[in-house]
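Listed here are the chains, written in short residue letters.
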Protein chains: 2
Amino acid sequence: MFEIMPILDSNKNTPLYVQLYEYIKQEIQKGTIKPEMKLPSKRKLANYLGISQNTIQTAYEQLCAEGYVESKPRKGLFVTNIDDDLLHYPIHETKLNIDKDKKRDPEYIIDFNSGKVDLDYFPYSIWRKITIKSLFSDQSSILSLGEAQGEKCLREEISKYLFQSRGVRCSAEQIVIGSGTQFLLILLCMLIGKECSYAIENPGFHRARYIFKDQGIDVQPISVDEDGICIDELRKSSAKVVYVTPSHQFPNGMVMPISRRIDLLKWCEEKAGYIIEDDYDSEFRYKGKPIPSLQGLGNSENVIYMGTFSKSLIPSIRISYVVLPSTLINKYQEYYKVYKQTVSRLHQDTLYRFMEEGHWSRHLNKMRTVYRKKHKILLSSINKYMGEKVDIIGENAGLHILLKVKNGMSEEELIKTAFDIKIKVYPTSIYYDKYEDAEYPSIILGFGGLNEIQIEEGINMLKNAWLI
Amino acid sequence: MFEIMPILDSNKNTPLYVQLYEYIKQEIQKGTIKPEMKLPSKRKLANYLGISQNTIQTAYEQLCAEGYVESKPRKGLFVTNIDDDLLHYPIHETKLNIDKDKKRDPEYIIDFNSGKVDLDYFPYSIWRKITIKSLFSDQSSILSLGEAQGEKCLREEISKYLFQSRGVRCSAEQIVIGSGTQFLLILLCMLIGKECSYAIENPGFHRARYIFKDQGIDVQPISVDEDGICIDELRKSSAKVVYVTPSHQFPNGMVMPISRRIDLLKWCEEKAGYIIEDDYDSEFRYKGKPIPSLQGLGNSENVIYMGTFSKSLIPSIRISYVVLPSTLINKYQEYYKVYKQTVSRLHQDTLYRFMEEGHWSRHLNKMRTVYRKKHKILLSSINKYMGEKVDIIGENAGLHILLKVKNGMSEEELIKTAFDIKIKVYPTSIYYDKYEDAEYPSIILGFGGLNEIQIEEGINMLKNAWLI
């Protein structure tokens, strides 16, 4: 008698060979079909079950492929001797301690998030039209994997823009595109090397600090004064690399003046190190023209320039870039091209066309006006409602300001009392390496994502929460 | 007399205030306007130049912002005392040693690249239509930054697919989406920790090896036999983490049988370590059904499962994913969400709709047939033209095979002689940690991107190069 007596049902959706394979596999797992047992020949089993030999063949091959049975030449197929304990391997249920009932963010009426940008003025119909144009262009250049460094045409547009608007001197060959500043910073750590110490601004961009630390780098926080990072303190540190935001210090918002810039470049030359210049939102300056980049000022062999379209265009397409000096781009070309491009080729093509057709500079001009208006409303509302009881810090540029609130509340209390009236404001303590309570704490207020009415209303409500 | 005598031209495109600002800045840099000099008052200079005080004000503010001049209260504006040497900082031209004349890849007639997929059968019109649908959907959900982990709707579709087709047991909460396997492997290194050693298959996927080494991890290459990674050797190593390709070993192409899988799971349980299962192209198997995942077999608390849409759909949208066990997803939730999502939100939305409407499974079915045909042509051509003089390795699955060529040539000679007749074939030595010359070298032949005529023609030409 056969020990294999499956009940096969040709009316089922599952093919017969799968039914047979599943049956034999389960019987082996249960131990009903014993190790070393010889399977019936295809011909015999086919006759017995009244199905074709092909079906048996396919099921047997699958069992062989997965290792449940073995073929012995000229003898036939035998059940593999699999360790019993192992076969009945306990199957645990995955336990997620994600608290399903955890408090969700309440519905804020007004959210002063500094990462938000104004999406209402994004030229969505133009972007859509150009995306569709990209979609209908040469299929193979949109579907297959592009250059590791990013599409040449987009890099050329970026280099033109950087020269004209930011004074950055670079060629398309020096630009590497990546899906966000974070990924590019990881790539930079690899290119620069992780043995030396990196200095960061304190307070400064917290994500950069996390990335350097996560990459195993010794991070040295350096104080910031009213001109930016303190060069004396930097000199005393053992750092050879420094990450700075000279055009609009994050979060304090000041511009690094020319003499400090020159001191910084001098430090870098002495150390034969690198300055990482993160120019994250310098497109938006409300007095005069944007401050030219540090990269364009000195020996650009020491300066690595970074920029992003997240603030100035939209964050969801995930396009940032880095301009590498020649030593690093050569190192990149030799080895790091092994890291494939992380940005969608379609979006790169669309952004290239968007820039090339002039929409990018038009959009920037429009957004400068939009943000300038919002910024003005923010400052005038603060003056109107809060007056002397607050100080405004970093009010000349960007999409956020700091508000030093002099009512005796701690940072936590300021956030909590705002939260109670459904206004979300954000701490600045997270931007410090080690935060020490200040006499008066500062709150970061982003305004990019709010309209003018919300801004005024928000400040008025905060006055009620904080200053009455 | 004024020391400031700019020639301003109101017919120029450059605004007057920019002309004035540029003039003063250059004179300061040249040393014509000396440090500590007092600038003329706005009123006087405006009268002298016959332009408005506002223009002067704007130019002065820019010079202040950049630090070329300083305001002294109740005294006026003075030129900053900037270190002369520093100001005339030598500006080097960036030297790129990218050899512009470097030999470009010649035009190959036939390229057996194993990374290429068939784009002709990609349902481009459907993808286009759905992309346009995504583009016309709720604007704010496409333009603003999405969840760090990836869009929930897409993660749900992926978890359903993985359960049905790959036997992976997971919820959407366990999935993290990222722009390519490389970025996700970097994230994994951070999540698992970099202190312990990681074992890799030898030969194995070279990019994984590079990433682990670039992340500063001690990498231990473990031999591969006909069943996959050798457990005895793994046990002797100090590794706690192992990166494997059990459904289709890269590059050798074998399937890890059930007993080896169970041994591997047992090793992992003993070590309290992790198995990283990279299931990069297991959708395509030419005999029977796809091999179920290792993750679904054992205690999924020890197995990290990775997959990608680069092979099975298109590489240019850059979508991969990783399924984390509960310990790691909890760790991710606590800290690593600080790393923002790297994939475009538009593409995530489009892929979700593509899967949800059933196009994904239809596409997979179609591609199985397409690749099965190509695969059959490849094997029959090799048999027909090359016969006994070659061995085929790993012929049951995936988009490549290995060809062991027994004509006495080295790997380098095989590639060179193919190159001479404009056929591109690829080495397997790069997949070894340390390559030692084999008696007969193996060449990797990818066929995904070639049509049936090219495949047969290519093999015929290779016969002429190698076996005559």
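What counts and how
- Residues numbered from 1 in each chain as written.
- Chains lettered and ligands numbered in written order.
- Predicted model: local features only at pLDDT ≥ 70, side-chain atom pairs only at ≥ 80, totals over all residues.
- Heavy atoms only, no water.
- Helix = DSSP H or I, 4+ residues; strand = E, 2+ residues; numbered from the N terminus.
- Rg over C-alpha atoms; globule rule 2.2 N^0.38 Å.
- Areas by Shrake-Rupley, 256 points an atom, 1.4 Å probe, with all protein chains shown as cover.
- Lys, Arg positive; Asp, Glu negative; His and termini not counted.
- Charge placed at Lys NZ, Arg CZ, Asp CG, Glu CD.
- Least-squares fit on C-alpha atoms with pLDDT ≥ 70 in both.
- Contact = heavy atoms within 4.5 Å.
- Axes fitted to C-alpha atoms, helices over the stretch in contact; angles between N-to-C directions.
- Left-handed = near helix turned anticlockwise from the far one by under 90°.
- Nonpolar A, V, L, I, M, F, W, Y, C, P; charged D, E, K, R; others polar.
- pLDDT = per-residue confidence, 0-100.
- Buried area = accessible area lost by both parts, 1.4 Å probe.
- Salt bridge = Lys/Arg side-chain N within 4 Å of Asp/Glu carboxyl O.
- Polar contact = N/O pair within 3.5 Å; in protein donor to acceptor, adjacent residues only side chain to side chain.
- Pairing = 2+ DSSP bridges.
- Expected span 1.5 Å × (residues − 1).
- Buried < 20%, exposed > 50% of the residue type's maximum accessible area, 1.4 Å probe, protein only.
- Core = buried A, V, L, I, M, F, W, Y, C linked by side-chain atoms within 4.5 Å.
- Arc of directions from axis to C-beta.
- Disulfide = S-S within 2.5 Å.
- Parallel < 35°, antiparallel > 145°, perpendicular 65-115°, else oblique.

Peer 1: What's the story with the overall build of chain A in this structure? I'm lost.
Peer 2: Scanning chain A from N- to C-terminus turns up 16 helices and 16 strands. Computed over the C-alpha atoms, the radius of gyration of chain A is 31 Å, more than 25% above the 23 Å expected from 2.2 N^0.38 for a compact globule of 468 residues. Element-wise, carbon and sulfur atoms account for 48% of the exposed surface of chain A, whose accessible area totals about 19,700 Å². Averaging the positions of the 62 positive and the 61 negative side-chain charges in chain A gives two centres separated by 4 Å.

Peer 1: Before we go on, may I ask you to explain the relation of the copies chain A and chain B in this structure?
Peer 2: Relating one copy of the chain to the other requires a rotation about an axis plus a shift along that axis. For the match of chain A to chain B, the screw axis carries a shift of 0.0 Å, the RMSD comes to 0.1 Å, and the turn is 180°. In the structure described here, the two chain copies are related by an operation that fits a two-fold rotation axis. Comparing interface residues between copies, 100% of those in chain A also sit at the interface in chain B, which points to an isologous, same-surface contact.

Peer 1: Is there a simple way to explain the packing of helix α15 (residues 411–420) of chain B against helix α16 (residues 452–466) of chain B in this structure?
Peer 2: Describing two packed helices takes the angle between their axes plus the distance from one axis to the other. All names here are of chain B. Taken N-terminus to C-terminus, the directions of α15 and α16 make an angle of 120°; their axes are 9 Å apart at the nearest point. Where α15 crosses over α16, the two elements pack in a sense that is right-handed. In this structure, α15 uses Leu414, Thr417 and Ala418 to contact α16, whose residues at the interface are Leu462, Ala465 and Trp466. Residues belonging to the contact of α15 with α16 are distributed by class as follows: five nonpolar, one polar and no charged.

Peer 1: Any chance you could explain the confidence of the model for chain A here in plain terms?
Peer 2: Confidence along chain A averages 88 in pLDDT terms, with 94% of residues attaining 70 or more. With a pTM of 0.86, the predicted complex shows an ipTM of 0.85.

Peer 1: Whenever I open this one, the interface of chain A and chain B confuses me. Can you help?
Peer 2: By a widespread convention, an interface's size corresponds to the accessible area lost as its parts come together. Contact residues are listed per partner, giving 99 residues for chain A and 99 residues for chain B. Together, the buried faces of chain A and chain B total about 8,600 Å²; carbon and sulfur atoms form 60% of this surface. Applying the counting rule to chain A against chain B returns zero salt bridges. Connecting chain A to chain B are 30 residue pairs in polar contact (both at pLDDT 80 or more). A total of seven residues in the side of chain A that touches chain B trace back to one element, the largest contributor, which is helix α11 (residues 258–271) of chain A.

Peer 1: What am I meant to see in the sheet that holds strand β6 (residues 219–225) of chain A here?
Peer 2: The pairing of strands in a sheet happens through backbone hydrogen bonds and is either parallel or antiparallel. Residues and elements named next belong to chain A. If you trace the eight strands from one edge of the open sheet to the other, you get β4-β11-β10-β9-β8-β5-β6-β7, paired in mixed fashion. Two strands bound the open sheet, and with one partner strand each, they are β4 (175–178) and β7 (228–229). In terms of strand pairing, strand β5 (residues 197–202) meets β6 through five bridges, oriented parallel. Bridging from a neighbouring strand, Tyr198 pairs with Val219 of β6.

Peer 1: Please clarify how α11 of chain A should be interpreted in this entry.
Peer 2: Counting along an α-helix, one turn takes 3.6 residues, and residues three or four places apart therefore face a common direction. Residues and elements named next belong to chain A. Here α11 is 14 residues long and its end C-alpha atoms lie 20 Å apart, about the 20 Å a rise of 1.5 Å per residue gives. Among the residues of α11, those classed as buried are Ile258, Arg260, Arg261, Ile262, Leu264, Leu265, Trp267 and Cys268. Positive phi shows up at Ala272, right after α11, with a value of about 50°.

Peer 1: When you look at the nonpolar core in this model, what are you seeing that I'm missing?
Peer 2: Burial of nonpolar side chains together is a common tendency in soluble globular proteins. Residues and elements named next belong to chain B. Of all hydrophobic cores here, the largest spans 65 residues; its most connected members are Phe112, Leu313, Met386, Leu445, Leu462 and Trp466. Looking at which element gives the most residues to this core, the answer is helix α14 (residues 359–386), with 10 residues. In contact with Leu313, not counting residues within four places along its chain, are Val117, Phe122, Trp127, Leu351, Phe354, Trp360 and His363.

Peer 1: Honestly, the sheet that holds strand β16 (residues 442–446) of chain A in this entry has me stumped. Any pointers?
Peer 2: Residue and element names in this part refer to chain A. The four strands lie next to each other as β12-β13-β16-β15, forming an open sheet whose pairing is antiparallel. With partners counted over all chains shown, the strands left at the sheet margins are β12 (390–393) and β15 (426–427), one partner each. Pairing geometry for β15 and β16, over two bridges, is antiparallel. Each bridged residue has a counterpart across the sheet, and for Pro427 the counterpart in β16 is Ile443. The sheet contacts of helix α15 (residues 411–420) involve β13 (400–405), β15 and β16, and relative to β16 the element is tilted by about 40°.

Peer 1: So what exactly am I meant to see when it comes to the side chain of Ser344 of chain A here?
Peer 2: By the secondary structure assignment, Ser344 of chain A is in the loop between α12 (326–334) and α13 (345–356). Among the polar contacts made by the side chain of Ser344 of chain A, one reaches the side chain of His347 of chain B at a distance of 2.6 Å. Beyond its immediate sequence surroundings of up to four residues, Ser344 of chain A is in contact with Ser316, Ile317, Arg318 and His347 of chain B.

Peer 1: Looking at this model, I keep getting lost on α15 of chain B. Mind explaining?
Peer 2: Residues and elements named next belong to chain B. Here α15 has its buried residues at Glu411, Leu414 and Ala418. Summarising the axial view, the buried residues of α15 lie within an arc of 65°, below the 170-degree limit, and thus occupy one face. Those residues of α15 that are buried lie in contact with β13 (400–405), β14 (423–424), β15 (426–427), β16 (442–446) and α16. Two residues or fewer past α15, Lys422 is found with a positive phi of approximately 65°.

Peer 1: So what exactly am I meant to see when it comes to the state of the cysteines here?
Peer 2: Each disulfide consists of one covalent bond between the sulfur atoms belonging to two cysteines. Residue and element names in this part refer to chain B. For the structure shown, the criterion picks out zero disulfides over all chains. You can see Cys153 has no disulfide; the closest cysteine sulfur is in Cys170, sitting 15 Å from it. Its sulfur unpaired, Cys230 is 17 Å from the next cysteine sulfur, which belongs to Cys268.

Peer 1: Whenever I open this one, the packing of helix α1 (residues 16–30) of chain B against helix α3 (residues 53–66) of chain B confuses me. Can you help?
Peer 2: Residues and elements named next belong to chain B. Direction vectors running N to C along α1 and α3 enclose 45°, while the axes themselves pass 8 Å from each other. Here α3 runs oblique to α1, going by the angle between their axes. Relative to α3, α1 is oriented so that their crossing is right-handed. The residues of α3 that touch α1, namely those facing Leu16, Tyr17, Leu20, Tyr21, Ile24 and Lys25, are Thr55, Ile56, Thr58, Ala59, Tyr60, Gln62, Leu63 and Glu66. Its residues assigned to classes, the contact of α1 with α3 comprises nine nonpolar, three polar and two charged.

Peer 1: What is the right way to look at the pattern of salt bridges in this model?
Peer 2: All names here are of chain B. Applying the stated criterion to the full structure yields 34 salt bridges over all chains. The partner of Asp225 in a salt bridge is Arg260, and the shortest N-O contact between them spans 2.9 Å. Remark: Arg260 occurs in helix α11 (residues 258–271) and Asp225 occurs in strand β6 (residues 219–225); sequence separation between them is 35 residues. The exposure class assigned to Arg260 is buried, which follows from its relative accessible area of 13%. Residues Asp391 and Lys406 are paired through a salt bridge, measuring 3.1 Å at the closest nitrogen-oxygen approach. One end of the pair, Asp391, is in strand β12 (residues 390–393); the other, Lys406, is in the loop between β13 and α15, with 15 residues separating them in the sequence. Given a relative accessible area of 32%, Asp391 falls into the partly exposed group.

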